[in-house]
Amino acid sequence: MLGFLLLHANRAVATSALMDALWPSGEAPDTARKILHNAIWGLRGTLGSGQPEGVGPALITRPPGYVLQLDQDAVDLHRFQRLAEEGRSHLAEGAAQRAAAVLREAVGLWRGAVLADLVEAGFDWPVLAGLESTRVDVLEDYFDAELSLGRHYAVLRDIEAAADAGRLRERLCGQRMLALYRCGRHTDALGAYNRMRQRLVEQLGLEPGRKLRWLQQAILRHDDALLVPQGVRETIVTAGGARPEASRAPEHPEPVRAPYVPAQRANVAPATAVTPVPVPSVRAGVVRQDCSVVMVQAAVDERRAGPEATRVERSLVETLRSAVGYFDGTVAAPAGPALLAVFTGVDADKRAVSAALAVLEPRVRGMSARAVVAAGEAQLIRLDNGPDVPPMVAGPVLDTCRTVMARTAPGTVRACERTRERTSGTAGVSYAAAGGPVAGWRARSVRWRSLAHPSVPVVDRDHELDVLYSLLGRARHRSVAQFVTVLGDAGVGKTRMVLEFERRAVARWDDAELVVSGPDGADRPLGLLRNLLLALCHAPVGTDPVTSADLVRQVTHGCIADRTEAARVGDDVTELITAGELGPPPHRREALLAAGCRLLDAAALDHPLVVFVDDGHELDDAGLDFLERFVAGARSPLMLILAARPELLPRRPSWAGGQTQAAALTLPRPTDATVDRLADILLERTKQGRLELPTPVISEMLDGDAPQARRRALVRVLMRLDTSLTGRLVTRGTFPDLSTASSATGA
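Note that the structure is predicted; figures quoted are calculated from it, not measured.

(A) Summary view of the overall build of the protein chain. Within the protein chain, the regular secondary structure consists of 27 helices and 21 strands. With 747 residues in all, the protein chain has 52% of them scored as buried. Taking all contacts inside the protein chain whose residues are at least 6 apart in sequence as the whole, residues at least 24 apart take part in 73%. Working note: accessible area of the protein chain is about 33500 Å², and carbon and sulfur atoms make up 52% of it.

Shown next, in the form of structure tokens:
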């Protein structure tokens, strides 16, 4: 009874209404009125005990029942109603700051359902449902006030919790969509709309209202009206905690189409020492310009990471900051669970791919990361001109990142089609052959001509080079094939060492020839053999099939003396070269395989042939089977070198086993002394003007007073990038001349 009277404080409550509240309809006992009067008498005694007369609450009789008189603010419900009315009044006047503060206080009075203990006991008064509806109305008013102030990061979690409570409230759904959009989570915003529409249709047979439909269309077209007004304040919540409030961008901004000047340059220190780098500040606002965006997502397996899960997550953030800093980018505000970085200016796309590869390469136990690079016009929203507030990224480029990310496997980097067009070929980025406009293209490596420059020697690989040198001598002396597998993690220098070996081989045997291929295109039937034949006939990448076929015929007739056999082999390899993406028909593959191997064997008889297949761990089983069969059937001074990472062995534990001409070399990780020597050589060659490092930041770090550990981390990043070859053939006499490099280290 006290609860019902408190709900109607300072108002007369009829005796019949009290009886209906205490007993269900038709179930009141005959003595109900007497029981009620006794309860009123007892309640009066309780309220008056210990209080001076005329002070405190009082229960008085007033027809047609009773009135509980008390101070309104003594009941949290009535204080909530007063604050809600005051907050709504401020909101209507445009005083969003005061409205948010008052409404926040009103909502904060709630600690659960009203009279929850009575509800559990079976008292289900209609007024209680009305109060819950009023609470949600006020909560939505509070969200409106906070969103108008640009505090979408601060209230997003509360909005999602309220929306996930199962209520069919379009206003709340719209607030959720707007907050998600402003946080850069455009796909999630559209997903919220789709879920609400599905529920409305299934449960009520209705379509969303006009306002919600307009909001969906505005998100699809990235309407500037969805941005927050100028001059408001926001608290940004990031991985490092809450940041100070900052002025926001105009709601209807005039696009600033000027070069983007980062207000925060990412730290370039390793994970153990991250220090801010002072940079020029820019005014708050929105900048629309062409840029390249890196998106990184990671999943932490807490069972494998154990108690280190938090440290593992933090290490990814620090690695991103370091990698982005090396390549002169800007760390942006996260987009939900994804980390973002922005690159602008010269070579922005290439620098972005480099940073993405550098972030993923350090494999961390218990963490699986993947990255996407997308290029295009984006809205870079600067919240403040302070150095600690990262820009937010919006626009279609972010949607492209999410689309490609859905098709990106853990441990890989994929780039959108526009990025690939800008960076492949002579630009220096190597991509896997399989890909498309939706799935993107997997980036394999980036060449900056720094460590891969001819003037930089191969350091601390003398023993391995001597082994390769002796094996080639054996192949020439005995006219037998040699099969060598070079194993090592990314960045240990497998490719550089093989190229140095070829230079030394040519220095002694000027008739030696190097044929290079990689896993690109090897996933189609006989794709790897096709690549080797194109390399053998000196066909540049991109040569049309007809021209390539003519070149193959010329090589065939030059290597095979028997005209009849040369004509047959020439026809077969021409068919292989001109086959489409699906490769030759199944019934022809065995004959074409034999013809291609015959041509390579004949070329090796004409002059010693070294076949180098890079990134062998990416070959499928058919490609690996072909290599073993090719070497086993060769009858010429031929040497096949396969460079691969250690993950090849779990797939093929008996790789090259049983072949007397097979050997394997495992390259250990370069020592700190080796890395220090490379850093000194890079710096020396840069000062001599013989090579140029990727960014001024890298040059400054190598030349400045950076700690030795930081220099080593940077050089190891550069070593991981230049991991693949692009050229199909290096012929005799055209190997890089490294004679000017220091020979004491194995150059």
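(B) How the structure looks around the side chain of His90. Examined against the element boundaries, His90 turns out to sit in helix 4 (residues 76–92). Here His90 falls in the buried class, since its relative accessible area comes to 16%. When sequence neighbours within four positions are dropped, the list of residues in contact with His90 reads Ala95, Arg98, Ala99 and Val102.

(C) Structural view of the nonpolar core. Within the largest apolar cluster, 57 residues are counted, with the highest numbers of intra-cluster contacts made by Tyr142, Phe143, Ile159, Met177, Ile219 and Leu226. Ranked by the residues each element gives to this core, the list is headed by helix 9 (residues 170–182), at seven residues. Ala323, Phe343, Val353 and Ala356 belong to the second largest nonpolar core, which has 51 residues in total.

(D) Fine view of the side chain of Arg176. By the element assignment, Arg176 lies in helix 9. When its relative accessible area of 11% is taken as the criterion, Arg176 is described as buried. In this structure, Arg176 is in contact with Ile159, Glu160, Ala163, Asp164, Ala192 and Arg195, ignoring residues within four places of it in sequence.

(E) View of the packing of helix 17 (residues 462–478) against helix 18 (residues 494–508). Contact geometry for helix 17 and helix 18: axes closest at 10 Å, N-to-C directions at 50°. Taken together, the axes of helix 17 and helix 18 are oblique relative to one another. Between helix 17 and helix 18 lies a crossing of right-handed hand. Across the interface between the two elements, Asp462, Glu464, Leu465, Asp466, Leu468, Tyr469 and Leu472 of helix 17 pack against Met497, Glu500, Phe501, Arg504, Ala505 and Arg508 of helix 18. When grouped by side-chain class, the residues that make up the contact of helix 17 with helix 18 number seven nonpolar, no polar and six charged.

(F) Structural context of the confidence of the model for the protein chain. Considering every residue of the protein chain, the mean pLDDT works out to 76; 74% of them sit at 70 or more. Within the protein chain, the element-level pLDDT minimum falls on strand 5 (residues 237–238), averaging 34, and the maximum on strand 13 (residues 413–415), averaging 93. Of the regions scoring below 50 in pLDDT, residues 726–747 engages in 69 contacts with residues more than four places distant in sequence or in other chains.

(G) Expanded view of the packing of aromatic side chains. On inspection of all chains with the given rule, the structure shows two aromatic pairs. The interplanar angle of 45° and the centroid separation of 5.8 Å between the aromatic rings of Tyr142 and Phe143 together place this pair among those described as tilted. Residues Tyr142 and Phe143 agree in their burial class; the two are buried. Taking 5.9 Å as the distance between ring centres and 10° as the angle between the ring planes, the aromatic pair formed by Phe626 and Phe630 counts as stacked. Of this pair, Phe626 and Phe630 both sit in helix 23 (residues 621–633), four residues apart, which is roughly one turn of the helix. Neither residue differs from the other here; Phe626 and Phe630 are each classed as buried. A cation over an aromatic ring shows up here: Arg420 above the ring of Trp441, its NZ or CZ 3.7 Å from the ring centre.

(H) The arrangement of unusual backbone geometry in detail. In this structure, Ser479 takes a positive phi of about 55° despite not being glycine. Tracing the sequence through the fold places Ser479 in the loop between helix 17 and strand 16 (482–487). Residue Asp615 is not a glycine yet carries a positive backbone phi of 50°.

(I) Up close: the packing of helix 9 against helix 11 (residues 210–220). Viewed as axis vectors pointing N to C, helix 9 and helix 11 meet at an angle of 10°, and their least axial separation amounts to 10 Å. Compared by their axis directions, helix 9 and helix 11 come out roughly parallel. By crossing handedness, the relation of helix 9 to helix 11 is classed as left-handed. The residues of helix 11 that touch helix 9, namely those facing Glu170, Cys173, Gly174, Met177, Leu178 and Tyr181, are Leu212, Leu215, Gln216 and Ile219. Its residues assigned to classes, the contact of helix 9 with helix 11 comprises seven nonpolar, two polar and one charged.

About the criteria used
Residues numbered from 1 in each chain as written. Predicted model: local features only at pLDDT ≥ 70, side-chain atom pairs only at ≥ 80, totals over all residues. Heavy atoms only, no water. Helix = DSSP H or I, 4+ residues; strand = E, 2+ residues; numbered from the N terminus. Buried < 20%, exposed > 50% of the residue type's maximum accessible area, 1.4 Å probe, protein only. Contact = heavy atoms within 4.5 Å. Areas by Shrake-Rupley, 256 points an atom, 1.4 Å probe, with all protein chains shown as cover. Core = buried A, V, L, I, M, F, W, Y, C linked by side-chain atoms within 4.5 Å. Axes fitted to C-alpha atoms, helices over the stretch in contact; angles between N-to-C directions. Parallel < 35°, antiparallel > 145°, perpendicular 65-115°, else oblique. Left-handed = near helix turned anticlockwise from the far one by under 90°. Nonpolar A, V, L, I, M, F, W, Y, C, P; charged D, E, K, R; others polar. pLDDT = per-residue confidence, 0-100. Phe/Tyr/Trp six-rings, centres within 6.5 Å; stacked < 30°, edge-to-face > 60°. Lys NZ or Arg CZ within 6 Å of the ring centre and 35° of its normal.

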